[in-house]
Amino acid sequence: MAYKTAAEPAVAPAGTAARPPDTTAPPAGPARRSGAWTPWLYLAPALVVLAGLLVHPIYQLGLISFLEYTQAQVSGGEPTTFQGLGNYRTLFADSQFWQVLLATVLFAAACVVSTLAVGCALAVLLTRVRALPRLALMLAALGAWATPAITGSTVWVFLFDPDYGPVNRMLGLGDFSWTYGRLSAFALVLFEVVWCSFPFVMVTVYAGIKAIPGEVLEAASLDGASPWRIWRSVMAPILRPILVVVTIQSVIWDFKVFTQIYVMTNGGGIAGQNLVLNVYAYQKAFASSQYSLGSAIGVVMLLILLAVTLVYLRLLRREGEEI
Amino acid sequence: MKLVSRIAATAAALALAGLTATACAPQTSGNSAQQDDKSGTLRVWLFQEVHNKPKEQVVDAAVAAFETAHKGAEVEIEYIPVESRAQRIKAAFNDPKSAPDLIEYGNTDTAGYVKDGGLADVTAEFGAWDEAKDTDPTARQSVTVDGKVYGAPLFVGVRALYYRTDVFKDLGIAVPRTQDELIATAKKIHKEKPDLYGLAVGGAYTYGAMPFIWANGGELAQENGGSCESAIDSAAAQKGIKAYTSLFGDDNCPAAKCAAMGGNAVITAFAAGNAAMAIGGDFSHQAVEAGAVKGTYAVVPLPGLKAGEIAPAFAGGNNIGVLKSSSHRTLAVDLMKRLAGKESQGKLFDAMGFLPTYTDVRAEAAKKQPFVAPFIRTLGAGAKFVPASPAWGRIDASLVLPTMFQEIISGKKDVAAASSDAAEKMDAAFTDAG
């Protein structure tokens, strides 16, 4: 790693925390053994919180996915029974599940690419405009970021309403209904998702760009590099750890989109054409009280996201990066 | 990779710790009552209506009489929002300690709540109650599961055809007498007045669509020996589905707008003056009165296949039931009788326009308020009910029927394919529910 960046120090404290026993502890046997536990002692509070808030729910999720657990079982009307992989079998035999999964993957991919493109472009723009427009852009972005998803979605639906929406009037689309067609409905939701998640990318990348030493950029432009070339060959490599974090975050967020689909397409669109995995899981788990089937969907989502993240980190490592 | 392997190791350790530290099964609550107290506080959940004040007054009167009759008993009424009722009532079943003693519930939920183990069997008390003998058969069916009674009907709701008298007069057309005429009239109106929906329909308006299926001799499901089997793909039902979905399109209700509409959207469109006809309930009367069409509309029963026939309507409505977990069973049953008794239902009709479930009280009501006459005639012609299966809640919540209609309307599938897919989903739910 050639450059000091924001992401790197995160690794350092963990590395040094393991070292003290070697340097400070006296060489006597018993003391050394107690020293080996010291890092765990320091980590204990965080681990306890993690275990309570993260591991336990995931454990329950996994457990419920192997049971027959519907409203009747929760309220004691019928005994809870072990189903083995029954819920997963039901799920994988359901052709709708595969359609929804495919739609979710494609939709999330489109959202991630668009969000990153818009976020990075605006971050670069931020470094090139004067203070006042920069402030205005920042405020607009923060406003979008701070808007609750429900509010944002409702406003966007109104903006694109076939009867009263200003967008159709401005574009001269008449009473074109955005939510009727499958692609146009997904496009509408994509606009909203990009709108509310680009600020995170923009602000993070902007901070990263500001941390790039000025002389590097200056040298590049003295060598006659175009702005695109500077981004590709200087900024992007330096910003790589930041871009990795931002990408993983976006993948996770966009894969789990719920509110926007639920509000804007009225719970999954005409005949369920706009269902994504999370809304599908909600329909199964809560609307129709099949908690066990909903849990199975949750587990599948968890595994997919875990796999995507691990593969991504693996690929980066192969290219010689360490984060 | 160092970080990754470290995370993996930690996660494994934590998972082990989690396994040993926590209980191994998700929670299940016991819902049987321990005692039957004759004093103390009774908690009641009723639905919050749009204009709730008049309802409160009727309830308060019944409660006052109850409290006078039972010294030492107190009643705490809470009005819960209709939209979030499912979560609230599920939560009540899950946590008997904070559950109410008495609840108002939608009659399509009866079988599901019974299966969930939430409602108490009051067959004996209902049978011994003198007023109950006047309860009309459809209402009685809506509190009955497998021959046992789980509550008392509070009111029925039924839908009929609202139409604009001024538009009909303007175009010189007569009120349709058959289903074919209804469809032809709707298209004719839209042709003459393109900014009006002829008959406002919605792809998600299941209860507006059911009469078309029933009028053609179709059924949602066939009951045989305690278990249900879907009949939505039968030839007769398909004819009804075809008739209903033929109303979507540029010649009546454009699919791009109407496919997503539900019952409320349909009534809103009619009340705002955007539709010449709409299928609406007696309970929609207030909303329509408050709209732009006040004074220029009338209501008739929805026509059936032949002139003079009435298409069977869906008998909606609410019931009042005692929770199985109640520790005041005797008191709760008495309060249920008072709230759902003839006197309260008569007052509730005057205050809210809710149709009484007793045939004699209903006849009385029709004399006082002529607007309910077409609804009562619809009920008299034989209203129908959703399959009394615990699976209905799941079929309803997973939008099986709206999905079917929307698939046909948007041209994704034809009637045969969409209805056989819907039947498959319904059968899966029926099988799971046992």
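As the structure is a computational prediction, the values presented were derived from the model and not from experiment.

**Some points on the pattern of salt bridges**
Under the counting rule described, the total for this entry stands at 25 salt bridges over all chains. The closest approach of N and O atoms between Asp136 of chain B and Arg362 of chain B, which form a salt bridge, is 2.8 Å. One end of the pair, Asp136 of chain B, is in the loop between α5 (123-128) and α6 (137-141); the other, Arg362 of chain B, is in helix α16 (residues 359-368), and 226 residues separate them in sequence. According to the relative accessible area criterion, Asp136 of chain B is buried, its value standing at 5%. With a shortest N-O distance of 3.0 Å, Glu181 of chain B and Arg177 of chain B are connected by a salt bridge. The class of Arg177 of chain B is exposed, set by a relative accessible area of 51%. Through salt bridges with shared partners, a single network forms among Asp163 and Asp175 of chain A together with Lys257 of chain B.

**Quick word on the packing of aromatic side chains**
Going through the model one piece at a time under the given rule, you end up with 33 aromatic pairs over all chains. Summarising the aromatic geometry, the rings of Trp156 of chain A and Trp195 of chain A are spaced 5.8 Å apart at their centres and angled 55° between planes, so their arrangement reads as tilted. On the criterion of sequence distance, the pair formed by Trp156 of chain A in helix α8 (residues 149-159) and Trp195 of chain A in helix α10 (residues 182-210) is long-range, its members being 39 residues apart. The class of Trp195 of chain A is partly exposed, set by a relative accessible area of 26%. Considering the side-chain rings of Tyr162 of chain B and Phe375 of chain B, the 6.2 Å spacing of their centres and the 55° angle between planes classify their relative orientation as tilted. Placement of Tyr162 of chain B in strand β7 (residues 159-164) and of Phe375 of chain B in helix α17 (residues 373-380) is noted, with a sequence separation of 213 residues between them. Residue class for Tyr162 of chain B comes out buried when judged on its relative accessible area of 0%. You can call Phe375 of chain B buried: its relative accessible area is 0%. Three or more aromatic residues joined by ring pairs make a cluster, and in this case those are Tyr69, Phe258, Tyr262, Tyr282, Phe286 and Tyr291 of chain A.

**Digging into the pairing of strand β10 (residues 227-230) of chain B**
Residues and elements named next belong to chain B. In β10, alternate side chains face the same way, and those of Cys228 and Ser230 are buried while those of Ser227 and Glu229 on the opposite face are not. Here four bridges tie strand β9 (residues 221-224) to β10, and the two strands are oriented antiparallel to one another. Each bridged residue has a counterpart across the sheet, and for Asn224 the counterpart in β10 is Ser227. In textbook terms, the turn of a hairpin is the stretch between consecutive antiparallel strands, and for β9 and β10 this stretch comprises two residues, one of which, Gly225, has a positive phi near 60°.

**Focus on the sheet that holds strand β2 (residues 73-81) of chain B**
Residue and element names in this part refer to chain B. Spatially, β2-β1-β3-β13-β6 is the arrangement adopted by the five strands of the open sheet, whose pairing is mixed. The outermost strands of the open sheet, each flanked by one partner alone, are β2 and β6 (152-157). Ignoring strand direction, the axes of neighbouring strands in this sheet form an average angle of 20°. For strand β3 (residues 102-106) and strand β13 (residues 316-322), the ladder comprises five bridges, and the chain directions are antiparallel. By the bridge assignment, Leu102 is partnered in β13 with Val322.

**With respect to the state of the cysteines**
One pass over the structure, following the stated rule, counts one disulfide over all chains. Here Cys253 of chain B pairs with Cys258 of chain B through a disulfide, and the sulfurs are 2.0 Å apart. Residues Cys253 of chain B and Cys258 of chain B are joined through a disulfide that is left-handed, its torsion about the S-S bond being -80°. Summarising the burial analysis for this pair, Cys253 of chain B and Cys258 of chain B share the class buried. With no disulfide of its own, Cys196 of chain A has Cys111 of chain A as its nearest cysteine by sulfur position, at a separation of 9.2 Å. Accessibility expressed as a relative area gives 18% for Cys196 of chain A, which makes it buried.

**Quick look at the domain arrangement of chain B**
All names here are of chain B. Each assigned domain of chain B is listed with its residue range as follows: domain 1 (40-150 + 316-380) and domain 2 (159-314 + 387-433). Relative to domain 2, the C-alpha centre of domain 1 lies at a distance of 28 Å. Taken together, the contact between domain 1 and domain 2 spans 15 residues of the former and 20 residues of the latter. For the domain 1 and domain 2 pair, buried surface summed over both sides reaches about 1500 Å², with 67% attributable to carbon and sulfur atoms. Taken as a group, Thr108, Phe375 and Thr378 account for 35% of the area that domain 1 buries against domain 2, more than any other trio of residues on that side. Scanning the region where domain 1 abuts domain 2 turns up zero salt bridges. Linking domain 1 with domain 2 are one residue pair in polar contact (both at pLDDT 80 or more). Within the residue set of the side of domain 1 that touches domain 2, elements represented by two or more residues are α4 (110-115) and α17. Top element by residues in the side of domain 1 that touches domain 2 is α17. It accounts for four residues.

**A look at the packing of helix α10 (residues 235-245) of chain B against helix α19 (residues 400-409) of chain B**
Residue and element names in this part refer to chain B. Between α10 and α19, whose axes approach to 10 Å, the crossing angle comes to 60°. Between α10 and α19, the crossing angle belongs to the class labelled oblique. Like other packed secondary-structure pairs, α10 and α19 cross with a definite hand, here right-handed. Here α10 contributes Ile241, Tyr244 and Thr245 to the contact with α19, which in turn contributes Met404, Phe405, Ile408 and Ile409. Looking at the contact of α10 with α19 residue by residue, the class counts come to six nonpolar, one polar and no charged.

**Focus on the side chain of Lys55 of chain B**
Residue and element names in this part refer to chain B. Of note, Lys55 is situated in helix α2 (residues 53-69). Residue class for Lys55 comes out buried when judged on its relative accessible area of 2%. Apart from residues lying up to four places away in sequence, Lys55 is in contact with Leu46, Phe47, Glu49, Tyr79, Glu104, Leu348 and Met352.

So, how was this worked out
- Residues numbered from 1 in each chain as written.
- Chains lettered and ligands numbered in written order.
- Predicted model: local features only at pLDDT ≥ 70, side-chain atom pairs only at ≥ 80, totals over all residues.
- Heavy atoms only, no water.
- Salt bridge = Lys/Arg side-chain N within 4 Å of Asp/Glu carboxyl O.
- Helix = DSSP H or I, 4+ residues; strand = E, 2+ residues; numbered from the N terminus.
- Buried < 20%, exposed > 50% of the residue type's maximum accessible area, 1.4 Å probe, protein only.
- Phe/Tyr/Trp six-rings, centres within 6.5 Å; stacked < 30°, edge-to-face > 60°.
- Pairing = 2+ DSSP bridges.
- Axes fitted to C-alpha atoms, helices over the stretch in contact; angles between N-to-C directions.
- Disulfide = S-S within 2.5 Å.
- Domains from an automatic or database assignment.
- Contact = heavy atoms within 4.5 Å.
- Buried area = accessible area lost by both parts, 1.4 Å probe.
- Polar contact = N/O pair within 3.5 Å; in protein donor to acceptor, adjacent residues only side chain to side chain.
- Parallel < 35°, antiparallel > 145°, perpendicular 65-115°, else oblique.
- Left-handed = near helix turned anticlockwise from the far one by under 90°.
- Nonpolar A, V, L, I, M, F, W, Y, C, P; charged D, E, K, R; others polar.

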